[in-house]
Amino acid sequence: MFSGKPVPRHIGIILDGNGRWAQQWGKSRLYGHRQGAKNVQRIVRHAQSLGIPFLTLYTFSIENNARPKAEISGLMSLFERYAKHFAHTEHDQGIRIRLIGNIDAMKKSTAHALRQLEIKTQDRKGMVLILAVNYGGRDEILRALHRFQESGKAISPACWEDFEIYLDTHGIPDPDLIIRTSGEMRLSHFLPLQSVYSELYFPPVLWPDFSEKDLEEAIEVYRKRQRRFGEYKKELSR
Ligand code: IPE
Ligand code: IPE
Ligand code: MG
């Protein structure tokens, strides 16, 4: 499907706009989240069929804990339901789940369902689907420092590779492309250390409406970008 430049190795998506989508249709915010969850299945499958090796979905931020209790408990139930479903579906056999975020601080049953999903899919060899749940960039850094202290190592990490091992994203390549739906143009704590050279793309479409075609369009836009990583290369200058 895509010829020439490579497809991104790692795509991160900030799923935004469920609430506005619901409002647009005169439905509850929770209804919007349910539609958003359905769309997760659709986009995950398409990303896998396009051969994307790593896909990260930002599904719940630490700051989202400040939302009304009913919305949070509805979201937790959705996580649990989908985690159980996903662990058993034949279709998704190849997909391996990795979790990033402060999972242990979540509601016990939700944390358990998510961890079970991670364990059940750990030997799968297909696309790695990273779920950022109860995630915050600063929180990840603080937990990384804590892990470093726990390791008992006397010498501070001397280079990025030495520090990276304490992050939730250990072993996962940095995202090449970050998409945030709904037209908002900010990262809201999404992978601040890993996004230093990510290409950013902000389509106006609300998450429940983000289609397979929109994903392909995002990849096309990415493939037209010139990535320099601070270097000067004659062939890259316009
Ligand atoms: C994104 O949709 C999903 C979560 C943050 C859990 P929102 O709930 O933020 O939707 P809007 O931004 O209110 O439209
Ligand atoms: C960011 O969306 C978090 C997720 C999509 C999970 P929000 O809707 O919570 O972000 P802000 O508050 O608009 O920055
Ligand atoms: Mg939002």
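The following refers to the structure shown.

Conventions adopted
Residues numbered from 1 in each chain as written. Chains lettered and ligands numbered in written order. Predicted model: local features only at pLDDT ≥ 70, side-chain atom pairs only at ≥ 80, totals over all residues. Heavy atoms only, no water. Near = heavy atom within 4 Å. Polar contact = N/O pair within 3.5 Å; in protein donor to acceptor, adjacent residues only side chain to side chain. Areas by Shrake-Rupley, 256 points an atom, 1.4 Å probe, with all protein chains shown as cover. 1 Å grid on protein atoms, 1.4 Å probe; cavity = no way out; pocket = protein on both sides within 12 Å on 5 of 7 lines; lining within 4 Å. Sits in = over half its atoms within 2 Å of the grid points. Helix = DSSP H or I, 4+ residues; strand = E, 2+ residues; numbered from the N terminus. Nonpolar A, V, L, I, M, F, W, Y, C, P; charged D, E, K, R; others polar. Expected span 1.5 Å × (residues − 1). Buried < 20%, exposed > 50% of the residue type's maximum accessible area, 1.4 Å probe, protein only. Salt bridge = Lys/Arg side-chain N within 4 Å of Asp/Glu carboxyl O. Points joined across faces, edges and corners; volume = space filled by probe spheres on them.

1. A few points about the site of ligand 1
Near ligand 1 the following residues occur: Leu15, Asp16, Gly17, Asn18, Gly19, Arg20, Arg29, His33, Thr59, Asn64, Arg67 and Leu75. Within the backbone of Asn18, one N or O atom sits 3.2 Å away from an oxygen atom of ligand 1. Within the backbone of Gly19, an N or O atom sits 2.9 Å from an oxygen atom of ligand 1. Considering ligand 1 on its own, with 380 Å² of exposed area, one finds that the protein chains cover 86% of that surface. Using a 2 Å cut-off from the grid points, one finds that ligand 1 occupies the largest pocket. Going through the elements one at a time, α1 (18-24) and α2 (29-49) are the ones with two or more residues in the shell around ligand 1. Broken down by element, the shell around ligand 1 gets its largest block of residues, three residues, from α1. Taken together, the residues of the shell around ligand 1 break down into two nonpolar, six polar and four charged.

2. Examining helix α7 (residues 212-224)
The α-helix advances 3.6 residues per turn, and as a result positions three or four apart in sequence lie on the same side. For α7, which comprises 13 residues, the first-to-last C-alpha distance of 19 Å matches the rise-based estimate of 18 Å (1.5 Å per residue) to within 8%. All buried positions along α7 are accounted for by Asp214, Leu215, Ala218, Ile219, Tyr222 and Arg223.

3. Quick notes on the pattern of salt bridges
All told, the structure shown has 17 salt bridges when counted by the stated rule. As a salt-bridge pair, Arg115 and Glu118 come within 2.9 Å of each other at their nearest N and O atoms. Residue Arg115 and its partner Glu118 are both found in helix α4 (residues 108-120); the two are separated by three residues, about one turn of the helix. Owing to a relative accessible area of 17%, Glu118 belongs among the buried residues under this scheme. Asp139 is the salt-bridge partner of Arg143, the closest N and O atoms lying 2.8 Å from each other. Taken as a pair, Arg143 and Asp139 lie in helix α5 (residues 137-151) at a separation of four residues, close to a single helical turn. A relative accessible area of 15% places Arg143 in the buried class. Where salt bridges share partners, they join Asp16, Arg20, Arg180, Glu184 and Arg186 into one cluster.

4. Some points on the layout of surface pockets
What the largest pocket holds in volume is close to 800 Å³. Considering the residues around the largest pocket, the lining is formed by 37 residues, among which Leu15, Asn18, Tyr58, Thr59 and Phe60 are closest to the centre. Residue assignment for the lining of the largest pocket shows that the elements contributing at least two residues are α1, α2, β2 (54-61), α3 (69-88), α4 and β4 (128-135). Across the lining of the largest pocket, the residue classes tally to 19 nonpolar, 10 polar and eight charged.

5. Re the environment of Cys159
Here Cys159 lies in the loop between α5 and α6 (160-164). Look at Cys159 and you get partly exposed, because its relative accessible area is 37%. Sequence separation between Cys159 and Gly74 is 85 residues; the distance between their C-alpha atoms is 42 Å.

6. Some remarks on the site of ligand 2
Lining the immediate environment of ligand 2, one finds Ile14, Leu15, Asp16, Tyr58, Thr59, Phe60, Ser61, Asn64, Arg67, Arg180, Arg186 and Ser188. When the free accessible area of ligand 2 is taken as 380 Å², the share hidden by the protein chains comes to 77%. Of all the elements, β2 adds the most residues to the shell around ligand 2, at four residues. Split into classes, the residues belonging to the shell around ligand 2 amount to four nonpolar, four polar and four charged.

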